[in-house]
Amino acid sequence: MECRVLSVQSHVVRGYVGNKSATFPLQVLGFEVDSINSVQFSNHTGYAHWKGQVLTADELNVLYEGIKLNNVNHYDYVLTGYTRDTSFLETVVDIVQELKRLNPKLVYVCDPVMGDQGSMYVPENILPVYRDKVVAVADILTPNQFEAELLTGRKISTEKDALEVMDLLHQMGPDMVVLTSTDLISPHGDQFLVALGSQKMVRADGTTSTQKIRMEMPKVDAVFVGTGDLFAAMLLAWTHHHPKDLKAACEKTVSVLHHVIKRTITYANKMAGPGKRPSPAQLELRMVQSKKDIEYPAIVVEAIVL
Amino acid sequence: MECRVLSIQSHVVRGYVGNKSATFPLQVLGFEVDSINSVQFSNHTGYAHWKGQVLTAEELNVLYEGIKLNNVNHYDYILTGYTRDTSFLETVVDIVQELKRLNPKLVYVCDPVMGDQGSMYVPENILPVYRDQVVAVADILTPNQFEAELLTGRTISTEKDALDVMELLHQMGPDTVVLTSTDLTSPHGDQFLVALGSQKMVRTDGSKSTQKIRIEMPKVDAVFVGTGDLFTAMLLAWSHHHPNDLKAACEKTVSVLHHVIKRTITYANEILQVCKPSFISGLGGWSQTIPQVKKLDVEVLSWRGYTWSAVVRLVGRTAKFSKTTEAAYEMAGPGKRPNPAQLELRMVQSKKDIEDPDIVVEATIL
């Protein structure tokens with residue numbers, strides 16, 4: 001398999017977020033990963049302390065320029081996640097557009113990270129850049145419910161609302177949208193999280209069809225950082241292998257997340273001791289220990305085709 | 001296995017040098033790798049162009065400070081390689097010393113990258129920092145012959161010289177020294193590279209012993225950038241699993257390098273076969289002995305440099321054409337020759353060889 005991904009995300013010295021979360025799993029699955037580190041921090045910002053440096057939009061341009069001058073600006077995928085800087089994000093859009101001119105088949109996998117549970121954790125002026133520029137060039141979009149609401153200006157209270165919002169997002173750009181988490185009530189009870197997916201496809205006869213799916217995942221009583229980045233990276237990998245089967249791609253992706261999270265909770269609780277809440281350091285994803293699950297995920301979830 | 005490595009090396013967006021070369025193989029072998037990127041460049045400096053940013057000593061301190069404030073500055077290994085900045089290197093030494101105070105069992109694996117084949121490719125003022133400060137805190141040192149000569153002030157002409165130099169290096173600090181390549185003549189001929197290793201150990205009864213080994217590897221000319229970084233990372237991994245068996249650790253390390261390089265050459269070869277050479281000039285008067293030759297079938301054994309000259313085996317009509325020699329090619333047409341981009345190590349493709357290397361070399365105990 002000769003498949004090259006350009007991933008523009010954070011780097012942390014310790015732990016698994018951003019490029020640290022995405023790169024190893026993709027490499028283990030045989031993807032060539034070129035990574036531009038948008039920041040270099042000691043660790044993610046959920047620890048008591050964090051320190052480091054950020055890459056400016058200019059510096060991003062300089063790095064891309066180096067790749068371009070050597071004529072190696074040829075990618076099959078672009079992957080982006082958490083970004084705080086509007087000019088940085090705009091530069092990313094320029095790069096994606098140029099890369100798409102060079103390879104019209106390029107797939108841009110975009111996690112429009114802006115916030116969760118009704119509150120934004122990036123500057124508010126990032127929203128218009130995602131909404132008006134980024135989403136238009138995205139091919140696969142992985143917003144959570146809050147981000148999907150922000151991008152479309154619509155509220156989601158029912159599954160029908162969610163399906164309509166995904167259709168709106170299709171019209172804005174991406175042929176594939178996965179609502180990675182919602183507040184929707186699961187038929188299985190409140191220990192389950194509902195995720196939804198929608199993929200527009202063109203049939204052999206030229207007509208379009210949309211496959212919509214729902215998945216329910218057991219809720220986990222802990223805050224993990226980096227799982228969204230892992231999700232987007234694994235969705236890239238498994239849609240590459242199942243380009244017309246969102247159900248299969250999502251089942252594998254969610255299964256990988258399940259195994260990694262399960263291993264992480266077990267370890268974290270062991271390290272923290274009985275009755276104690278694990279620290280952010282102890283809750284870092286057990287990524288290298290999960291290599292086999294990443295390579296050959298046992299499927300533990302079934303997506304329902306709606 | 002719960003083993004955490006702090007690796008302070010370069011990051012390149014594309015390709016496999018520095019942290020890009022070291023991290024994936026170590027992770028695949030189950031090590032937790034914390035990585036501080038000393039630079040971020042688009043690609044390594046052997047390409048026609050390269051661009052990017054460097055980390056200052058101050059910024060390195062800031063990153064370490066973040067780790068320290070969170071009380072997670074606990075490591076089993078540190079790994080460093082190519083560094084051009086003396087204050088950066090001195091800051092690394094401070095960090096190593098502090099980490100060793102916190103964990104006296106910490107092993108510092110140091111590749112004292114300074115140059116090769118008699119010439120330095122870092123600023124000269126890096127040498128005293130390595131010689132007077134870094135080597136003293138190193139536990140495993142992987143110099144090539146030139147770097148070992150620089151560090152000890154001695155010249156190596158014979159195997160005995162090399163063994164003496166490794167002894168001197170032991171006295172300066174590291175209990176394990178591997179001369180990753182030398183100019184020494186191999187009994188097997190000039191297509192073979194001689195590497196040597198020496199490990200000081202303390203027996204259970206308290207007495208000391210030193211295991212010395214020699215390994216011979218088919219020459220590949222160190223043209224592939226990042227192989228030294230991969231070597232040092234894999235020596236860390238395999239000496240972790242074989243802490244008192246330098247022979248085993250080196251055999252596995254060299255075997256991994258062999259598989260990765262072979263896969264990389266094969267890939268570059270495939271690219272070469274796509275474009276037929278149109279003209280060959282050889283060394284030692286070959287072009288005179290084969291006057292009509294415009295095109296020959298070749299098997300590429302390795303690449304030299306970032307141009308398109310290669311060590312080849314000519315698959316020709318008579319016996320005198322089957323000798324391995326060095327020939328320079330001119331390729332038909334622009335953009336049709338393997339370039340540094342196409343010669344990047346086939347790292348992710350070599351995952352299984354990294355996990356479970358077939359042993360292809362035998363080290364001799366001296």
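All residue numbers refer to position in the chain's written sequence, counted from 1. Each chain gets a letter, beginning with A, and each ligand a number, beginning with 1, in the order they are written. Residues qualify for local features only when their pLDDT is at least 70, as the model is predicted, and side-chain atom pairs are given and counted only at 80 or more; totals for whole chains, interfaces and linings, by contrast, use all residues. Derived side-chain values reflect all non-hydrogen atoms in the structure, with water molecules and hydrogen atoms excluded from consideration.

Going by what an unreviewed UniProt entry lists, chain B is known as Pyridoxal kinase and is assigned to Oncorhynchus tshawytscha. UniProt positions are given in the numbering used here, feature names are shortened, and annotations may be inferred rather than shown by experiment. Under the UniProt heading Sequence similarities (unreviewed entry), the note attached to chain B is "Belongs to the pyridoxine kinase family." According to its UniProt record, chain B has this under Function (unreviewed entry): "Catalyzes the phosphorylation of the dietary vitamin B6 vitamers pyridoxal (PL), pyridoxine (PN) and pyridoxamine (PM) to form pyridoxal 5'-phosphate (PLP), pyridoxine 5'-phosphate (PNP) and pyridoxamine 5'-phosphate (PMP), respectively. PLP is the active form of vitamin B6, and acts as a cofactor for over 140 different enzymatic reactions."

Looking at an unreviewed UniProt entry, one finds chain A named Pyridoxal kinase, with Oncorhynchus tshawytscha as its source organism. As recorded by UniProt, the Subcellular location (unreviewed entry) comment attached to chain A reads in full: "Cytoplasm, Cytosol". UniProt, in its Subunit (unreviewed entry) section for chain A, records the words "Homodimer."

On to the overall build of chain A, then. The number of helices and strands found in chain A is 9 helices and 12 strands. Compactness check: chain A gives a C-alpha radius of gyration of 19 Å against a globular reference of 19 Å for 306 residues, within 12% of the reference. Projected onto the principal axes, the alpha-carbon positions of chain A cover approximately 55 × 45 × 40 Å. Between buried and exposed lies partly exposed: a residue is buried under 20% and exposed over 50% of the maximum accessible area for its type, with that area taken using a 1.4 Å probe on protein chains only. For chain A, buried positions account for 59% of its 306 residues. By sequence separation, contacts in chain A at least 24 residues apart represent 70% of the contacts at least 6 residues apart. Summed over its atoms, the accessible surface of chain A is roughly 12500 Å², and 53% of this surface lies on carbon and sulfur atoms. Secondary structure counts use DSSP, requiring at least four H or I residues in a row for a helix and at least two E residues in a row for a strand, with both numbered from the N terminus. Radius of gyration: C-alpha atoms only; globule rule: 2.2 Å multiplied by the number of residues to the exponent 0.38. Contact between two residues is taken to exist if any of their heavy atoms lie within 4.5 Å; hydrogens are not considered. Residue burial considers only the protein chains on display, and all accessible areas are found by Shrake-Rupley using a 1.4 Å probe.

In this assembly, 47 residues from chain A lie in contact with 47 residues from chain B. As used here, buried area is the combined drop in accessible area, with a 1.4 Å probe, of two parts when they are placed together. At the boundary of chain A with chain B, total buried surface from both sides reaches about 4000 Å², with 52% on carbon and sulfur atoms. Contact with chain B buries area across many residues of chain A, yet A:Val13, A:Arg14 and A:Gln27 alone supply 14% of it, more than any other trio. The term salt bridge refers to a side-chain nitrogen of Lys or Arg lying within 4 Å of a carboxyl oxygen of Asp or Glu. Where chain A packs against chain B, one counts 5 salt bridges. The closest approach of N and O atoms between A:Arg286 and B:Glu2, which form a salt bridge, is 2.9 Å. Within 3.5 Å is the distance limit for a polar contact, defined as a pair of N or O atoms, with the added protein rule that one can donate a hydrogen and the other accept it, and that residues adjacent in sequence qualify only through two side-chain atoms. Our enumeration of links across chain A and chain B arrives at 25 residue pairs in polar contact (both at pLDDT 80 or more). Residue contributions to the side of chain A that touches chain B peak at 8 residues, all from strand β2 (residues 32–41) of chain A. Across the side of chain A that touches chain B, the residue classes break down as 20 nonpolar, 15 polar and 12 charged. Side-chain classes are defined by residue name, with Ala, Val, Leu, Ile, Met, Phe, Trp, Tyr, Cys and Pro counting as nonpolar, Asp, Glu, Lys and Arg as charged, and the others, Gly among them, as polar.

This brings us to the sheet that holds strand β1 (residues 4–12) of chain B. At least two bridges found by DSSP between two strands are what make those strands a pair. Taken in spatial order, the 10 strands line up as β3-β2-β1-β4-β5-β8-β9-β10-β11-β16 (chain B) in an open sheet, and their pairing is mixed. Since the sheet does not close on itself, it has two edges, and those belong to β3 (52–54) and β16 (364–365) of chain B, each with one partner.

Glancing now at the side chain of B:Ser239. As for its position among the elements, B:Ser239 is in helix α7 (residues 227–241). Residues within four places of B:Ser239 in sequence aside, it is in contact with B:Ile140 and B:Ala249.

Residue and element names in this part refer to chain A. Per the stated rule, a full pass over the model turns up 28 salt bridges over all chains. Close ionic contact of Arg-4 with Asp-34 constitutes a salt bridge, the shortest N to O distance being 2.9 Å. With a gap of 30 residues between them, Arg-4 in strand β1 (residues 4–12) and Asp-34 in strand β2 connect regions that are remote in the sequence. For Arg-4, a relative accessible area of 15% gives the class buried. Measuring nitrogen to oxygen at the nearest pair gives 2.8 Å for the salt bridge that ties Asp-139 to Lys-100. Of this pair, Asp-139 sits in the loop between α4 (126–137) and β8 (140–141) while Lys-100 is found in helix α3 (residues 86–102), placing the two residues 39 residues apart along the sequence.

Moving on, we get to the side chain of A:Glu32. Along the chain, the position of A:Glu32 falls in strand β2. Note that His is not counted, nor are the chain ends; the positive residues are Lys and Arg, and the negative ones are Asp and Glu. Despite its burial, A:Glu32 pairs with no opposite charge; the closest candidate is B:Arg346, at 4.1 Å N-O. Within polar-contact distance, the side chain of A:Glu32 engages the side chain of B:Gln349 at 3.2 Å. Ignoring anything within four residues of it in the chain, the contact list for A:Glu32 reads A:Cys3, A:Arg4, A:Val5, B:Tyr16, B:Arg346, B:Val348 and B:Gln349.

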